[in-house]
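Single-letter residue listing:
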Amino acid sequence: MSVQSSVPLATREDLALAYTPGVAQVCEAIAADESLVHELTWVGRAVAVVTDGSAVLGLGNIGPRAAMPVMEGKAVLFKQFGGVDAVPICLDTQDPDEIVAIVTALAPSFGGINLEDISAPRCFEIERRLEATLPIPVFHDDQHGTAIVVLAALRNAARVLGRELRDLRIVVSGAGAAGVAVTKMLISGGADAGEIVVLDSRGCLHNGRTDLNPEKAALAALTNAGGITGDIANALRGADVLIGVSGGTIGESALAGMSPGGAIFALANPTPEVHPSVASRYAAVVATGRSDFPNQINNVLAFPGIFRGALDVGATRITDGMKVAAASAIASVLAAEELSTDAIVPSALDPRVAPAVAAAVSAAARHDGVLR
């Protein structure tokens, strides 16, 4: 990464315009009307990529310094695919109060905040508090980016299988940041909440469990209308879809209970919960988070276009409607003749994706009335 000027500094006149005395006029204009900062500086096109290093990829709590390569990579993807300037910020604290205070203090420098690799359940609280405080979009990509692409992929998988999303029985293995967000996004996108079963490390979430944190308890109240209990094998009996966002391994004996001709999304990285060669024995459509297998569920399909669209219209937050619109745009990039069991989402390098997502998100922001 590097930072580069967008205007030349070759003459005395260039210097006088970019710095003193010309810069004073811009400062005075913003002092008189602070909203002009979005037009007259880079704030309107800049995003902070913020982490505390507590949940980096599949590596876990490796700290802020070791997290920097991921944040740098994220910033490069923002620029390459969305034309959005992004700055990686790695915080040497994992205290939610401190993180909220620091990001709030930094916010005047940016048009949006992308939270990244912050562990659950702290990530839920941090995002909620920042959304309530800041007049700019706040987006925890590990939750919502993953969920948006999963919804897009499952909609297209249903088309390929000749099924309807609302008729699918879905099992979500993992109740962390991604699992919670995926479940909520699927429901927002049209899946039947009662036909979704979510599992954490202790088994199925259901109303009879007394060991659930508030996020999991809310999911238990919303899902699993049949009251299924026990382990993943119980949950998968008769299920059409498995979405793995937990890591670990799911055995073949559990997969054997699934309904034939369904879908398995094994999204843990770098090691999927089910290897694709095994998953293909039990499902017609198989997806992973990896680039070396078909159907990569990759957040880069979502976040560059989402922030591009939000920044373009001066959105103050990212609504559920904007997220569903992003998923619909991703799914719609592939025409009917391009869809197959090995192609349910566009390539991460498909140049059609970010513009389509940005346009859909901008339109949804206008519809939802969240413009600055």
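Thresholds applied
- Residues numbered from 1 in each chain as written.
- Predicted model: local features only at pLDDT ≥ 70, side-chain atom pairs only at ≥ 80, totals over all residues.
- Heavy atoms only, no water.
- Pairing = 2+ DSSP bridges.
- Helix = DSSP H or I, 4+ residues; strand = E, 2+ residues; numbered from the N terminus.
- Axes fitted to C-alpha atoms, helices over the stretch in contact; angles between N-to-C directions.
- Contact = heavy atoms within 4.5 Å.
- Buried < 20%, exposed > 50% of the residue type's maximum accessible area, 1.4 Å probe, protein only.
- pLDDT = per-residue confidence, 0-100.
- Patch = residues over 30% accessible without salt bridge, like charges linked within 9 Å, V, L, I, M, F, W, Y side chains within 5 Å.
- Areas by Shrake-Rupley, 256 points an atom, 1.4 Å probe, with all protein chains shown as cover.
- Salt bridge = Lys/Arg side-chain N within 4 Å of Asp/Glu carboxyl O.
- Expected span 1.5 Å × (residues − 1).
- Core = buried A, V, L, I, M, F, W, Y, C linked by side-chain atoms within 4.5 Å.
- Parallel < 35°, antiparallel > 145°, perpendicular 65-115°, else oblique.
- Left-handed = near helix turned anticlockwise from the far one by under 90°.
- Nonpolar A, V, L, I, M, F, W, Y, C, P; charged D, E, K, R; others polar.

**Focus on the sheet that holds strand 4 (residues 138-140)**
Part 1 of the reasoning: Reading across the sheet, the four strands line up as 2-1-3-4 and stay open at both edges, with parallel pairing between neighbours. Strands at the two margins of the open sheet, each flanked by one partner only, are strand 2 (85-90) and strand 4. The mean angle between the axes of side-by-side strands here comes to 20°, regardless of whether they run parallel or antiparallel.
Part 2 of the reasoning: Relative to strand 2, strand 1 (residues 46-51) runs parallel, the two sharing six bridges. Each bridged residue has a counterpart across the sheet, and for Val 47 the counterpart in strand 2 is Ala 86.
Part 3 of the reasoning: Where helix 6 (residues 122-133) meets the sheet, its contacts fall on strand 3 (112-115) and strand 4, and the angle it forms with strand 4 comes to roughly 170°.

**Considerations on the environment of Arg 281**
Part 1 of the reasoning: Along the chain, Arg 281 falls in the loop between helix 12 (276-279) and strand 10 (283-288).
Part 2 of the reasoning: Residue Arg 281 is classed as exposed on the basis of its relative accessible area of 52%.
Part 3 of the reasoning: In the structure, Arg 281 is positioned 203 residues away from Phe 78 in sequence and 37 Å away in space, judged by C-alpha atoms.

**Some points on the sheet that holds strand 10**
Part 1 of the reasoning: Taken in spatial order, the six strands of this open sheet run 7-6-5-8-9-10, and their pairing is mixed. In this open sheet, the two edge strands, each paired with only one partner strand, are strand 7 (203-204) and strand 10.
Part 2 of the reasoning: Both strand 9 (residues 262-266) and strand 10 contribute to a ladder of five bridges, which runs parallel. Within strand 10, the position partnered with Gly 262 by the bridge is Ala 283.
Part 3 of the reasoning: Packing against the sheet, helix 7 (residues 141-161) makes contact with strand 5 (170-173), strand 8 (241-244), strand 9 and strand 10, and its axis sits at approximately 155° to strand 9.

**With respect to the confidence of the model for the protein chain**
Part 1 of the reasoning: Of all residues in the protein chain, 100% have pLDDT values of 70 or greater, and the mean over the chain is 94.
Part 2 of the reasoning: Per-element confidence in the protein chain ranges from a low mean pLDDT of 88 for helix 1 (residues 12-18) to a high of 98 for helix 5 (residues 96-106).

**As for a nonpolar patch on the surface**
Part 1 of the reasoning: A cluster of nonpolar residues, Leu 9, Leu 15 and Tyr 19, forms a patch on the protein surface that exposes about 360 Å² of accessible area.
Part 2 of the reasoning: Among the residues examined, Tyr 19 registers a relative accessible area of 56% and is labelled exposed.

**Thoughts on the environment of Ala 331**
Part 1 of the reasoning: You can see Ala 331 is positioned in helix 14 (residues 320-333).
Part 2 of the reasoning: C-alpha separation for the pair Ala 331 and Val 150, spaced 181 residues apart in sequence, amounts to 9.9 Å.

**Looking at helix 15 (residues 353-368)**
Part 1 of the reasoning: Here helix 15 spans 22 Å end to end across 16 residues, near enough to the 22 Å set by a 1.5 Å rise per residue.
Part 2 of the reasoning: Residues Val 353, Ala 354, Val 357, Ala 358, Ala 360, Val 361, Ser 362, Ala 364 and Ala 365 constitute the buried set of helix 15.
Part 3 of the reasoning: On its buried face, helix 15 sits against helix 4 (63-82), helix 13 (303-313) and helix 14.

**Some remarks on the nonpolar core**
When a protein is soluble and globular, its nonpolar side chains tend to lie buried together.
Part 1 of the reasoning: Judged by nonpolar contacts, the single largest core of 94 residues is most densely connected at Ile 113, Ile 170, Leu 186 and Phe 265.
Part 2 of the reasoning: Here this core gets 10 residues from one element, more than from any other, and that element is helix 7.
Part 3 of the reasoning: The residues contacting Leu 186, other than those within four sequence positions of it, are Val 150, Leu 151, Leu 154, Ile 170, Ala 191, Ile 196 and Ile 243.
Part 4 of the reasoning: Counting 20 residues, the second largest nonpolar core, distinct from the first, contains Ala 235, Ala 239, Ala 254 and Ala 266.

**A few points about the packing of helix 14 against helix 15**
Part 1 of the reasoning: Helix 15 packs onto helix 14 with a crossing angle of 150° between their chain directions and a minimal axis gap of 8 Å. The angle between the axes of helix 14 and helix 15 places the two elements in the roughly antiparallel class. Seen from above, helix 14 lies across helix 15 with right-handed handedness. Touching Gly 321, Met 322, Ala 325, Ala 326, Ala 329, Ile 330 and Val 333 of helix 14 are Val 353, Ala 356, Val 357, Ala 360, Val 361, Ala 364, Ala 365 and Asp 368, all from helix 15.
Part 2 of the reasoning: Classifying every residue of the contact of helix 14 with helix 15 by side-chain character gives 13 nonpolar, one polar and one charged.

**Let's talk about the pattern of salt bridges**
Part 1 of the reasoning: Applying the stated rule across the entire model yields 22 salt bridges.
Part 2 of the reasoning: Glu 164 is the partner of Arg 166 in a salt bridge, and the nearest nitrogen-oxygen pair spans 3.7 Å.
Part 3 of the reasoning: For Arg 166, a relative accessible area of 53% translates into the label exposed.
Part 4 of the reasoning: The exposure class assigned to Glu 164 is partly exposed, which follows from its relative accessible area of 41%.

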